[in-house]
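If you want the building blocks of each chain, they are given just below.
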Amino acid sequence: MALGLRKNGSSVGASLAYWLGNPLLNPATMVFMGFVLGWQWVGLRLVVGALLVFFVAYVVGRMAVAGAVSPEIPLTDAQGSEFGGSIWLAWLKSLWRLSKGVIPEYVILVCLLGAVRAWLFPAVTPSVNGLSWTVVLAFTGTLFVIPTAGEIPIVQTLTAFGLGAGPAAALLITLPALSLPSLLMLYRSIPLKALGMTWLAVLFLGIVSGGAATLLGF
C-alpha cells in the first residue's frame with residue numbers, strides 16, 4: 001500500500017507515515033497487546049508510534065530530496081483505456097508489474113534472514129537484559145519481517161523465558177515498524193536517504209523505549 005501511494009504521487013512523508021502507522025498504531029493490535037502483555041505496553045507503543053508517524057515521517061519527508069525518486073508505475077486513466085476501460089484488467093496489469101519485482105526479493109530475503117536467525121537471536125535467559133542486549137535486539141528487530149501483531153506472542157514467549165523489559169520493549173517497537181525486506185521493496189520509490197533516516201529513527205526509538213520500560217519497571 002505504501003508503495004502504491006508513492007507511485008500515485010503521494011509525498012514521501014505521507015507514504016512513510018502510512019507505512020509506519022499501519023503496523024505500529026493498529027487499533028486491533030493495541031487491544032490484543034493490552035490483554036496479553038498489559039496496558040502499560042500499549043501506552044509506550046502509542047507514544048513511540050505517534051512520534052514515528054507524526055514527527056519522524058514528517059521531518060524525513062521534508063528533508064527528502066524532491067524528485068530524487070520518481071514513481072515507477074503511475075496508475076493513470078491511460079492504463080484503463082488500453083483494455084477498453086476495464087478497471088479490472090488495469091488492476092491485474094499493475095499487480096503483475098508490482099509482484100514480479102517485489103515477490104522474488106521478498107522471498108529471497110526472508111529465506112536468508114531465516115537462515116541466520118539463530119545467530120541474530122540469542123538463547124534467552126534472565127541474563128539477556130541491560131543496555132547492550134537492548135541495542136542488539138533493537139537492531140535485530142529492524143531486520144526481520146513478521147505478520148501483523150506477530151511481535152506480541154514473540155515478546156510474550158521471550159519474556160516468559162526471562163527476557164528483560166528493556167530488550168522486550170525494543171522488540172515491541174522495532175519488529176513491526178520495518179524490516180529489511182520492506183526497506184528493499186520501497187527503495188525504488190522512496191529516496192535511500194529517507195529510508196536510512198527512518199531506519200535510524202526506529203532503531204534509536206527502540207533503544208529509548210527499552211530504557212523507558214526499564215526505568216518505569218515494566
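All of these numbers come straight from a predicted model, not from anything done at the bench.

## So, the nonpolar core
Working step 1: L16, W19, L20, W41 and L52 are the most contacted members of the largest nonpolar core, which totals 46 residues.
Working step 2: Residue contributions to this core peak at nine residues, all from helix α4 (residues 39–63).
Working step 3: Not counting chain neighbours up to four residues away, the residues in contact with L16 comprise A57, V60, I190, L195 and T198.

## A look at helix α12 (residues 192–215)
One turn of an α-helix holds 3.6 residues; hence residues three or four places apart share an orientation.
Working step 1: The terminal C-alpha atoms of α12, which comprises 24 residues, lie 35 Å apart, in line with the 34 Å expected from a rise of 1.5 Å per residue.
Working step 2: In this fold, the buried residues of α12 make contact with α2 (12–24), α4, α8 (131–141), α10 (165–177) and α11 (180–186).

## Structural notes on α8
Working step 1: For α8, the set of buried residues is T134, L137, A138, T140 and G141. Seen from one end, α8 has its buried residues packed into an arc of 160°, which puts them on one side. In α8, the exposed positions that point more than 90 degrees away from the buried face belong to L131 and S132.

## Some details on the packing of aromatic side chains
Working step 1: Taken as a whole and judged by the stated rule, the model has three aromatic pairs.
Working step 2: Ring centres of W41 and F218 lie 5.0 Å apart, and the angle between their planes is 75°; on these two criteria the pair is classed as edge-to-face. Linking W41 in helix α4 with F218 in the segment after α12, this pair joins segments that are 177 residues apart in sequence.
Working step 3: Ring geometry for F139 against W199: centres 6.0 Å apart, planes inclined by 90°, an arrangement best described as edge-to-face.

## Some details on a nonpolar patch on the surface
Working step 1: A contiguous nonpolar surface patch, about 690 Å² in accessible area, is contributed by I87, W88, L89, W91, L92 and L95.
Working step 2: Examined against the element boundaries, L95 turns out to sit in helix α6 (residues 87–115).
Working step 3: The class for L95 is partly exposed, based on a relative accessible area of 36%.

## So, the environment of M30
Working step 1: In this fold, M30 is placed in helix α3 (residues 27–36).
Working step 2: Separated by 12 residues in the primary sequence, M30 and V42 place their C-alpha atoms 6.0 Å from one another.
Working step 3: Setting aside residues no more than four positions away along its own chain, M30 makes contact with L24, L25, W39, V42, R45 and L46.

Cut-off values and rules
Residues numbered from 1 in each chain as written. Predicted model: local features only at pLDDT ≥ 70, side-chain atom pairs only at ≥ 80, totals over all residues. Heavy atoms only, no water. Core = buried A, V, L, I, M, F, W, Y, C linked by side-chain atoms within 4.5 Å. Buried < 20%, exposed > 50% of the residue type's maximum accessible area, 1.4 Å probe, protein only. Helix = DSSP H or I, 4+ residues; strand = E, 2+ residues; numbered from the N terminus. Contact = heavy atoms within 4.5 Å. Expected span 1.5 Å × (residues − 1). Arc of directions from axis to C-beta. Phe/Tyr/Trp six-rings, centres within 6.5 Å; stacked < 30°, edge-to-face > 60°. Patch = residues over 30% accessible without salt bridge, like charges linked within 9 Å, V, L, I, M, F, W, Y side chains within 5 Å. Areas by Shrake-Rupley, 256 points an atom, 1.4 Å probe, with all protein chains shown as cover. Salt bridge = Lys/Arg side-chain N within 4 Å of Asp/Glu carboxyl O.

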